[in-house]
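Residue strings, one per chain:
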Amino acid sequence: MTGVPAARTRRGAGRRRPDRAGGRRPLVGVLASTAVALTATRVSAIALPWFVLVTTGSATRTGLVAFCELAPYVVVKALTGPLVDRVGPRVVCWTADTLSATAAALIPLCHTLGVLRFWPLLVLVAVIGAVRGPGDLARDVMLPEAADRGGLRLERATGLAGVVEQLAATAGPAAGGALVALAGPLPALLATAACFALGSVIIGLVLPPGMGRPAASGGTGGTDGNPEPDGYGRRLREGFAFLRGDPLLRAICAVVGVGNFLGAAFAQVLVPLWARDSGGGPVVIGLVNGLFGATAVLGGLTAAAVAHRLRRRLVFFTGYLLSDTPRYLVLALDAPLWLVAVVFATGGLGAGFLNPILSAISYERLPRHLIGRVRALTAAVAWAGIPFGGLAAGALIAAAGLTPTLLAAGAAHLTVVITGGTRGAWREGQEGEEGQEGREKREERGTETRGKPDHESAAPTDAAPGRSTPVRRARGPAGR
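As a starting point, this report considers the structure included with it. (Residues numbered from 1 in each chain as written. Predicted model: local features only at pLDDT ≥ 70, side-chain atom pairs only at ≥ 80, totals over all residues. Heavy atoms only, no water.)

Considering the environment of Ser200
Here comes step 1: Counting through the fold element by element, Ser200 comes out in helix α7 (residues 185-206).
Here comes step 2: Aside from chain neighbours lying at most four places away, what touches Ser200 is Trp94, Asp97 and Thr98. (Helix = DSSP H or I, 4+ residues; strand = E, 2+ residues; numbered from the N terminus. Contact = heavy atoms within 4.5 Å.)

Given below as structure tokens:
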């Protein structure tokens, strides 16, 4: 079966034989498409604002362009999970990359022809953001299928995906800045369009035939053949009901969402103010962020190799407690630069281990026909607080000062991590509901709400439905 791999019943039992028709080609295709799409996004994040700034001279219009790209991205990505599940991630990804390439190429073309005005520019930017959301989600949905076809452990595949994302986040802005400086924003936007086009070519030609098909077609459900609920709204509510009924996924969503909110405050406001007050300036910001990114790549590569042997709750605590809280504390204490550099470098190593574990838990717990809509909802929770992090940090600094704000943010993050990591639901992510029996129970949870009244299917529960029957414990992959 392709799609979400079944959980492992013992260490080493989760390794699958590669698909003879595809081998490692599916994973290479997904990761390559992810790399070029994320690089295009990072380049456009520099080229678009700079283009608006140099052509209009307005900081307000520059900020409006950034908003018009980010807001549609978050909203559309959250709402297109049912579409990805219904149409198939491959079709959605190819279409999204093609539309992104077209919209990005139209900006320099229309400007060269002298027909580009500000409001049509906003429409093109909104199109880029709106179609990028489903495209990124579709690549995310295809990752477990690619790992399954290639016979790779899920933790290894998610670890490699995390490394690709971190490399794109580090190299993309550098390449974008250099390209804008050397050739200007219009050639950089053409390079963005070329990257999106390359991503669509990879999805169309590199991925093997039959990969990325719809999880449900012809009105049937995932692997069990049960009817899918009629209508887009019912499908979306089905994914929401599944998420609300899974305590472990809810806990992870809460920790990631709060962490991203605090992380936005840290990157956008707290670190720049610390660098200004300490006299280091932008050079120090680049140094500590570069160290964090480089060691995060190293941590991700290490995690891809060994994460399946480690206890997941231990990785969760260690990764978060290394990557976040110490950074707030070391800046609040006005520590010397060498110590700040050590803390940031150590934090990057911890952060590199988080993505393989958290993503693997999510994929393993989701029935195939619900991956798109539930992953879309979890991404929406993760992104929801990012636009407000900097605003909250600025208001708190104005009221209390930089040091109290750093200490409060660090304490808040530590509290959330401890609360989320000590929930009893982690026993399931660690070793419970393993093997085919556990997968069948999770599949039942994905279909259990079908045919029920809307108010009943959306009701929150303290434990996931279908778990009243005792589940035989099996030794899981999480480090014995």
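Thoughts on the environment of Thr112
Here comes step 1: Here Thr112 is to be found in helix α4 (residues 89-113).
Here comes step 2: Residue Thr112 is classed as exposed on the basis of its relative accessible area of 62%.
Here comes step 3: Linking Thr112 and Leu186, residues 74 residues apart in sequence, is a C-alpha distance of 9.2 Å. (Buried < 20%, exposed > 50% of the residue type's maximum accessible area, 1.4 Å probe, protein only.)

Quick notes on the packing of helix α6 (residues 154-183) against helix α13 (residues 337-365)
Here comes step 1: Remark: α6 packs on α13, axes separated minimally by 8 Å, with the N-to-C direction vectors making an angle of 125°. The orientation of α6 relative to α13 falls into the category oblique. In the packing of α6 onto α13, the handedness of the crossing is right-handed. Of the residues in α13, those touching α6 at Leu154, Glu155, Thr158, Gly159 and Gly162 are Asn355, Pro356, Ser359, Ala360, Tyr363 and Glu364. (Axes fitted to C-alpha atoms, helices over the stretch in contact; angles between N-to-C directions. Parallel < 35°, antiparallel > 145°, perpendicular 65-115°, else oblique. Left-handed = near helix turned anticlockwise from the far one by under 90°.)

Details of helix α1 (residues 25-56)
Here comes step 1: Here α1 is 32 residues long and its end C-alpha atoms lie 46 Å apart, about the 46 Å a rise of 1.5 Å per residue gives.
Here comes step 2: For α1, the principal kink sits at Ser44 and spans about 30°.
Here comes step 3: Where α1 ends, the next residue or the one after it, Gly57, has phi of about 70°, a positive value. (Expected span 1.5 Å × (residues − 1). Bend = angle between axes of the 7 residues up to and from the residue.)

Thoughts on the pattern of salt bridges
Here comes step 1: Throughout the structure, instances matching the rule amount to 13 salt bridges.
Here comes step 2: Arg276 is paired through a salt bridge with Asp277; the nearest N and O atoms lie 3.1 Å apart.
Here comes step 3: Taking the relative accessible area as the measure of exposure, Arg276 reaches 59% and is therefore exposed.
Here comes step 4: Residues Asp324 and Arg327 are paired through a salt bridge, measuring 3.4 Å at the closest nitrogen-oxygen approach. Taken individually, Asp324 and Arg327 each receive the classification buried, so the pair is uniform in this respect.
Here comes step 5: Within this structure, Glu69, Asp97, Arg132, Asp136 and Arg139 form a network of salt bridges that share partners. (Salt bridge = Lys/Arg side-chain N within 4 Å of Asp/Glu carboxyl O.)

Topic: the packing of α6 against α7
Two quantities define a packed helix pair, namely the angle between the helix axes and the distance between the axes.
Here comes step 1: Running from amino to carboxyl end, α6 crosses α7 at an angle of 135°, the nearest separation of the two axes being 7 Å. In terms of axis orientation, α6 runs oblique to α7. Residue-level contacts link Leu179, Val180 and Ala183 of α6 to Pro185, Pro187, Ala188 and Ala191 of α7.
Here comes step 2: Of the residues in the contact of α6 with α7, the class split is seven nonpolar, no polar and no charged. (Nonpolar A, V, L, I, M, F, W, Y, C, P; charged D, E, K, R; others polar.)

Considering a nonpolar patch on the surface
Here comes step 1: Together, Leu106, Leu109, Leu113 and Val115 line one region of the surface with nonpolar side chains, adding up to about 360 Å² of accessible area.
Here comes step 2: On the secondary structure map, Val115 appears in the loop between α4 and α5 (118-150). (Patch = residues over 30% accessible without salt bridge, like charges linked within 9 Å, V, L, I, M, F, W, Y side chains within 5 Å. Areas by Shrake-Rupley, 256 points an atom, 1.4 Å probe, with all protein chains shown as cover.)

Quick word on the packing of aromatic side chains
Here comes step 1: Evaluated as defined, the whole model comprises six aromatic pairs.
Here comes step 2: The interplanar angle of 65° and the centroid separation of 5.5 Å between the aromatic rings of Phe118 and Trp119 together place this pair among those described as edge-to-face.
Here comes step 3: For Trp119, a relative accessible area of 59% translates into the label exposed.
Here comes step 4: The interplanar angle of 65° and the centroid separation of 4.8 Å between the aromatic rings of Phe266 and Tyr328 together place this pair among those described as edge-to-face. Placement of the pair is Phe266 in helix α9 (residues 247-278) and Tyr328 in helix α12 (residues 325-332), with a sequence separation of 62 residues.
Here comes step 5: On the accessibility criterion, Tyr328 (2% relative accessible area) is buried.
Here comes step 6: One aromatic cluster is present, built from ring pairs that chain together Phe266, Tyr328 and Phe344. (Phe/Tyr/Trp six-rings, centres within 6.5 Å; stacked < 30°, edge-to-face > 60°.)

A word on helix α14 (residues 371-384)
Here comes step 1: Between the first and last C-alpha of α14 there are 20 Å, a value that for 14 residues agrees with the 20 Å anticipated at 1.5 Å per step.
Here comes step 2: Along α14, eleven of the 14 residues are buried, which leaves the element largely enclosed by surrounding structure.
Here comes step 3: All of the buried residues in α14 are Ile371, Gly372, Arg373, Val374, Arg375, Ala376, Leu377, Thr378, Ala379, Ala380 and Ala382.

A look at the environment of Thr422
Here comes step 1: Relative to the helices and strands, Thr422 resides in the loop between α16 (402-421) and α17 (426-430).
Here comes step 2: Considering only alpha carbons, one finds Thr422 and Phe317, 105 residues apart in sequence, at a separation of 9.5 Å.
Here comes step 3: Those residues within four positions of Thr422 in sequence are excluded, and the remaining contacts are Arg313 and Phe317.
Here comes step 4: Among the polar contacts listed, one links the side chain of Thr422 to the backbone oxygen of Ile418, at a separation of 2.7 Å.
Here comes step 5: A distance of 3.3 Å separates a polar atom in the side chain of Thr422 from the backbone oxygen of Thr419. (Polar contact = N/O pair within 3.5 Å; in protein donor to acceptor, adjacent residues only side chain to side chain.)

Observations regarding the nonpolar core
Here comes step 1: Ranked by size, the top nonpolar core spans 34 residues in total, and within it Leu27, Val30, Met142 and Leu143 carry the most contacts.
Here comes step 2: Counting only elements with at least two residues in this core, the list comes to α1, α4, α5, α6, α8 (232-244), α9, α13 and α14.
Here comes step 3: In terms of residues, this core owes the most to one element, α5, which gives seven residues.
Here comes step 4: Among all residues touching Leu143, those that are not within four sequence positions of it are Leu27, Val30, Leu31, Ala157, Thr158, Ala161 and Tyr363. (Core = buried A, V, L, I, M, F, W, Y, C linked by side-chain atoms within 4.5 Å.)

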